[in-house]
Amino acid sequence: MLSWSVAAPAVIAAFFASLVEVIEAFTIVLAVGTLRGWRPAAFGTATGLAVLAAAVLGFGPLLDRVPIQLLQLVIGILLLLFGMGWLRKAALRGAGVIPLRDENAIFATESAHLGEEVRHRRASLDWIAGITAFKAVVLEGLEVVFIVIAVGAGRGLLVPASLGALAACGLVLIVGAIVHRPLSRVPENILKFGVGVMLSAFGVFWTGEGLGVAWPGHDMALIAFAALFLAAGLLASALARRQNAGAAP
Amino acid sequence: MTMLNEVLAELIGMFLADARLTAAILAVVALSAILIRFGGIDPLISGGVLLGSCLAVLVENVRHSGRRRHSP
């Protein structure tokens, strides 16, 4: 029987990471739906989800054939690269060194880009709209698929992690359907910062286990790692903010 | 083909967003592996090196990126 204390870190990490990605995909699908109607938007989204599901079903079983220690090492390194990349970017955005992501601006840009595409190519409007939605779902969904596999595969938690990601999809769809505009009020950088902390903690944990380290406290070590990455991220952001303020005219 | 290129670019960008950060992380993992495999050091100490180095790499990389953006 799977205990909540074991599954919780994977479910929470998958939920919040997926929330960030689904919000980004939703902005583009919303632009498509608003400009060309919901039929091409829904068709592109459904096709994109089918491609992602096929990727998971195709590659998932292959992971069972990889020795567990090698799998932990490879996934741990990929999580370190991915998670620390997110944490770095969120820290720089928090410090004001790089601009925050603006869903309203992306919605406007995507709408203008879609209109331009249609004028130049003179192809079927619905086709272009459907492809745009498909691309958004596949490109953002790739990250969700990686995160679900990465936080779930090392401990046989693929199903709970997938449920965390599906819950995020459901939440964005429900809220998006109600407000019917880009979800620009979600504190995306804070979410990204938190997810970067969790994925980096998972990365150190799996990489260490893959190298043969028996962490004291087993899974509870993840909490200590997350606290340390949170402190390091906040410190890095504060130092960069101070530099930024010092360099301002 | 464009679509495939975009998917590949997205995959590469997921893990190699910043070359300096990527190189530092890979070096830290390699160092920890060498300490365990050839250094005869207790794996838990190597694990501590891995964790501490990753934290240091993060702080240094963010500081460096902030400095680079302001250099003339």
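Look a little higher up for the structure.
To start, this report covers the structure provided alongside it. Bear in mind that the values here come from a model prediction, so they are computed numbers and not experimental data. (Residues numbered from 1 in each chain as written. Chains lettered and ligands numbered in written order. Predicted model: local features only at pLDDT ≥ 70, side-chain atom pairs only at ≥ 80, totals over all residues. Heavy atoms only, no water.)

1. Some remarks on the overall build of chain B
Cut-off, in case you're wondering: To qualify as a helix, a DSSP run of H or I must reach at least 4 residues; to qualify as a strand, a run of E must reach at least 2; elements of each kind are numbered from the N terminus. Atoms counted for the radius of gyration: C-alpha only. Globule rule: 2.2 Å times the number of residues to the power 0.38. Computed with the Shrake-Rupley method and a 1.4 Å probe, the accessible areas treat only the protein chains shown as cover for residues. All tallies of charge rest on Lys and Arg as positive and Asp and Glu as negative; His and the ends of each chain are not included. Note that the charge is assigned to NZ on lysines, CZ on arginines, CG on aspartates and CD on glutamates.
When helices and strands are tallied, chain B shows three helices and zero strands. In chain B, the succession of helices and strands from N to C terminus is α-α-α. Over its C-alpha atoms chain B spans a radius of gyration of 16 Å, topping by over 25% the 11 Å that the globule rule assigns to 72 residues. Viewed in the frame of its principal axes, chain B has a C-alpha envelope of about 50 × 35 × 15 Å. Carbon and sulfur atoms provide 68% of the accessible area of chain B, an area that totals close to 4100 Å². The centroid of the 6 positive side-chain charges in chain B is displaced by 11 Å from the centroid of its 5 negative side-chain charges.

2. Some points on helix α1 (residues 2-15) of chain B
Residues and elements named next belong to chain B. This is how it is decided: Under the convention used throughout, the expected extent of a helix is 1.5 Å for every residue step, that is, one less than its residue count. Only protein chains enter the accessibility calculation, which uses a 1.4 Å probe; a residue is then buried when its area is under 20% of its type maximum, exposed when over 50%, and partly exposed in between. Summarising the geometry, the arc corresponds to the directions from the helix axis toward the C-beta atoms.
The terminal C-alpha atoms of α1 lie 21 Å apart, and with 14 residues this matches the ideal 20 Å at 1.5 Å per residue to within 8%. Considered for burial, the residues of α1 that qualify are V7, M14 and F15. Taken end-on, α1 shows its buried residues confined to a sector of 90 degrees, consistent with a single buried face.

3. Points about the environment of V51(A)
Heads up, the rule is: Should any heavy atoms of two residues lie within 4.5 Å, those residues are considered in contact.
Turning to its location among the elements, V51(A) is positioned in helix α2 (residues 38-63). Discounting residues that sit within four places of it in the chain, V51(A) has contacts with F134(A) and V138(A).

4. Quick look at the layout of surface pockets
All names here are of chain A. Where we set the bar: A cavity, in this analysis, means grid points on a 1 Å lattice covering only the protein atoms where a 1.4 Å probe fits yet has no way out; a pocket is instead an open set bounded by protein on both sides within 12 Å along at least five of seven lines, and a residue lines either one if it has an atom within 4 Å of a point. Grid points are joined across faces, edges and corners, and a volume is the space filled by probe spheres set on the points. Under the scheme applied, nonpolar residues are Ala, Val, Leu, Ile, Met, Phe, Trp, Tyr, Cys and Pro; charged residues are Asp, Glu, Lys and Arg; polar residues are all the others, including Gly.
Put simply, the second largest pocket is a space of about 750 Å³. In terms of lining, the second largest pocket is formed by 28 residues, of which the most central are V22, L49, L52, V137 and C169. Those elements that provide at least two residues to the lining of the second largest pocket are α1 (4-36), α2, α5 (125-153) and α6 (158-179). At nine residues, the largest contribution of residues to the lining of the second largest pocket is made by α2. Looking at side-chain class alone, the lining of the second largest pocket contains 23 nonpolar, three polar and two charged residues.

5. Side note on unusual backbone geometry
Residues and elements named next belong to chain A. At H218, a position not held by glycine, the phi torsion is positive, near 50 degrees. Secondary-structure assignment places H218 in the loop between α7 (188-211) and α8 (221-247). On the basis of relative accessibility, which here comes to 58%, the residue H218 falls in the exposed class.

6. Thoughts on empty space enclosed by the protein
Remark: the empty space left among the atoms is shown by a probe the size of a water molecule rolled over them. Counted by the stated rule, this structure contains two cavities of 30 Å³ or more. Its boundaries defined by the atoms lining it, the second largest cavity holds a volume of some 40 Å³. What lines the second largest cavity is simply L81(A), G85(A), M14(B), F15(B), L16(B), A17(B), D18(B), L21(B) and T22(B). For the lining of the second largest cavity, the per-class residue count stands at six nonpolar, two polar and one charged.

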